[in-house]
Amino acid sequence: MKFRDLYVENSCHTLPVFATVDVLVAGGGAAGIAAAETAARSGNSVLLVEKYGFLGGAAVAGLSGTICGLFLASDVNSRPEQIVYGFTDKFYRELAKMDGVTAPQKYGKTWTVTHDSLVWREVAENLLEAAGANILYHSNIVGVIKDDRDYKGIVIDTKSGVAAIHAKVIIDATGDADLIYRSGYDYVMGDNGHIQNPTMIFRLGGVDVQAFLQEWGDDTISPAKITKQIEAACENDGYDLPRKKIWIFSTPRPNELLVNATRIVGRDGRELNVMLPRDHTEAEIVGRRQARAYASFLKKYVAGCENSFIDDTGVEVGVRQTRSIVGVACLTNQDVISHRKRTDGIAKCPWPIELHSGEKPKVEWIVDDYYEIPFGALVPVKGENILIAGRSLSAEHEAMASARVTAQCFQYGQAAGIAAGLAIKSNRAIRALAGEEIRFLMNKDNARME
């Protein structure tokens, strides 16, 4: 069954209309938050629709927990150098004001910060309300409203029933290109269908963090001795710990660690495609059981964790990659490894290619440099009045493994919000906007792309 064919609506529908707005944002993750706040701040009526009762997407529901992509990687600098600003910096600073984010922590050749997921939700709501954007929680998007190529709105399903929302411009920030998919337009999935593994991140409470850090070291990536302990636990004590190189971060909360350790595949060893309901369900079950196994290992083997316990796992499995649109422009693997700069670039990215496929994550560093993502990667090659914001931008497989992280998703949202407002104000189609225009306006909004 082609599910998407069931949900494509004609604009002459007979559904009740819940709202008519200038800009509709589908999805309340990092990209959706930035898009809604930016579009509203320039005077547009904005409605953000979210399936949960909170904002944050993968950063909160998936408990990714870190803002990656803020800082340069380096072989020579011993201190973090922030190079991403704009909405990313605004959100980062608001988290800091509420003690909701850590100081930079070493991650291999670069740095990252860990946030408090509750503070994240509060900061997001505060920013959107201050900008005048409206939020609609507990609403599932089940269809699109369009004529030929022109998007007119979406169909939502709520506890009160089904209704339509009409908009001049729609920003698909679902992370999965759901609106493109439901329209029957083209998309790609990773490397010929092979996508990165999902993960189940968890918070570990009851930790003597100082004792842990003395044992672990100052790099959040596990030292060689921990990898050897994981291998020994599997060989000698019957542990099933498929990933031997794991990452653990301090959090803003006392006596707590954020653990990124699992590698989720099917119980029969197959790769899981979380766009398939059965695979997504299996990932959740396998992920929680794996989290228990890693927590048990840490409690038994690692100093400072003797009295530890799982605070919680993610509300849902952490999804790194699903559908990518076919865009007007495509971020290529070569763009990333050559550190390509461009006049139509709307986001800097210094984050490495971080590919989670197989037993050990592949990390290919971008040292003392960065590349830029083109505006056209947010514009579907088919369809009018719609933009993409978030990890479903147009990108090749390994490029996506770098460009998908939180700091950059904030920037995609800022760019999409600016573009939506400009299209409405100038009465132009999205694809008639030049990336150079968006870059100029982002720089006026503190993006510091120059």
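- Looking at an unreviewed UniProt entry, the protein chain carries the name FAD dependent oxidoreductase, with the source organism given as Sporomusa termitida.

A few points about empty space enclosed by the protein
Then step 1. The final tally for this structure, using the stated rule, is four cavities of 30 Å³ or more.
Then step 2. The volume enclosed by the largest cavity comes to roughly 50 Å³.
Then step 3. Lining the largest cavity are Leu63, Gly65, Thr114, His115, Asp116, Ser117, Arg203, Thr251, Arg253, Glu256 and Leu258.
Then step 4. Looking at side-chain class alone, the lining of the largest cavity contains two nonpolar, five polar and four charged residues.
Then step 5. Here the lining of the largest cavity spans two domains, since at least three of its residues come from each of domain 1 (17-67 + 117-193 + 321-349 + 371-445) and domain 2 (201-313).
Then step 6. Taken as a whole, the second largest cavity spans an internal volume of roughly 50 Å³.
Then step 7. In this structure, the second largest cavity is lined by Ile180, Tyr185, Asp186, Ile325, Val326, Pro380, Val381 and Lys382.
Then step 8. Counted by class, the lining of the second largest cavity contains six nonpolar, no polar and two charged residues.

Some thoughts on the sheet that holds strand β4 (residues 66-67)
Then step 1. Spatial strand order, β4-β6-β5: three strands in an open sheet with antiparallel pairing. The sheet terminates laterally at β4 and β5 (105-107), the two strands that pair on one side only.
Then step 2. Pairing of β4 with strand β6 (residues 110-114) involves two bridges; the strand directions are antiparallel. Bridged to Thr66 within β6 is Thr114.

Here's the deal with the domain arrangement of the protein chain
Buried accessible area, meaning the area lost when the parts come together, often serves as the stated size of an interface.
Then step 1. Annotation of the protein chain at the domain level lists domain 1 (17-67 + 117-193 + 321-349 + 371-445) and domain 2 (201-313).
Then step 2. Between domain 1 and domain 2, the C-alpha centre-to-centre distance is 32 Å.
Then step 3. Summed over both sides, the interface of domain 1 with domain 2 buries roughly 740 Å², with 69% coming from carbon and sulfur.
Then step 4. Of all residues in domain 1, Leu63, Thr66 and Met189 bury the most surface against domain 2, accounting for 50% of the area lost on that side.
Then step 5. One can count zero salt bridges joining domain 1 with domain 2.

Comments concerning the nonpolar core
Then step 1. Formed by 92 residues in total, the largest nonpolar core has its most connected members in Phe91, Trp120, Leu387 and Ile438.
Then step 2. Mapped onto the domain boundaries, this core takes at least three residues apiece from domain 1 (17-67 + 117-193 + 321-349 + 371-445) and domain 2 (201-313).
Then step 3. If sequence neighbours within four positions are ignored, Leu387 has contacts with Ile170, Ile171, Asp172, Phe375, Leu378, Val379, Pro380, Ala416, Ala419, Ala420 and Ile430.
Then step 4. In this structure, Leu272, Val274, Leu298 and Cys305 belong to the second largest nonpolar core, which totals 33 residues.

What about the packing of helix α10 (residues 406-426) against helix α11 (residues 435-444)?
Then step 1. Two numbers describe how α10 lies on α11: the axes approach to 10 Å, and their chain directions differ by 110°. Relative to α11, α10 is oriented roughly perpendicular. Between α10 and α11, the contacting residues are Gln411, Gln414, Ala415, Ile418, Ala419 and Leu422 on the first element and Glu437, Ile438, Leu441 and Met442 on the second.
Then step 2. Partitioned by chemical class, the residues of the contact of α10 with α11 number seven nonpolar, two polar and one charged.

Some details on the sheet that holds strand β12 (residues 202-205)
Then step 1. A sheet is described by the order of its strands in space; here four strands give the open sequence β13-β14-β12-β15, paired in antiparallel fashion. On the outer flanks of this sheet lie β13 (247-250) and β15 (309-313), each paired with one strand and no other. Going from strand to strand, the sheet's axes swing by 30° on average, the running direction of each strand aside.
Then step 2. For β12 and strand β14 (residues 257-260), the ladder comprises three bridges, and the chain directions are antiparallel. Counted as the bridge partner of Leu204 is Leu257 from β14.

Definitions and cut-offs
- Within each chain, residues carry numbers counting from 1 in the order of the written sequence.
- Owing to the predicted nature of the model, reporting of local features is limited to residues with pLDDT of at least 70; listing and counting of side-chain atom pairs is limited to 80 or more, with chain, interface and lining totals taken over all residues.
- To obtain the side-chain values, all non-hydrogen atoms of the structure were included, while hydrogens and water were left out.
- A cavity here means a set of 1 Å grid points, computed over protein atoms only, where a 1.4 Å probe fits but cannot escape. A pocket is an open set with protein on both sides within 12 Å along at least 5 of 7 lines, and lining residues have an atom within 4 Å of a point.
- Grid points are joined across faces, edges and corners, and a volume is the space filled by probe spheres set on the points.
- Think of it as three bins: nonpolar holds Ala, Val, Leu, Ile, Met, Phe, Trp, Tyr, Cys and Pro, charged holds Asp, Glu, Lys and Arg, and polar takes everything else, Gly as well.
- For the domains described, the bounds stem from an automatic or database domain assignment.
- Any two strands between which DSSP finds at least two bridges are classified as paired.
- A run of DSSP states H or I qualifies as a helix once it reaches four residues; a run of E qualifies as a strand once it reaches two. Both are numbered from the N-terminal end.
- Defined in terms of a 1.4 Å probe, buried area is the accessible area two parts forfeit on being brought together, summed over both.
- Within this document, salt bridges are pairs made up of a side-chain nitrogen of Lys or Arg and a carboxyl oxygen of Asp or Glu, the two lying within 4 Å of each other.
- Grouping buried Ala, Val, Leu, Ile, Met, Phe, Trp, Tyr and Cys residues that are joined through side-chain atoms within 4.5 Å yields what is termed a nonpolar core.
- Burial status follows relative accessibility: with a 1.4 Å probe on protein chains alone, a residue under 20% of its type maximum counts as buried, one over 50% as exposed, and anything between as partly exposed.
- A contact between two residues is defined here by any heavy atoms of the two lying within 4.5 Å.
- Axis geometry follows a simple rule: fit a line to the C-alpha atoms, using only the stretch in contact for helices, then measure angles between N-to-C directions, giving values from 0 to 180 degrees.
- Note that the term roughly parallel is reserved for angles under 35 degrees, roughly antiparallel for angles over 145, roughly perpendicular for angles of 65 to 115, and oblique for everything else.

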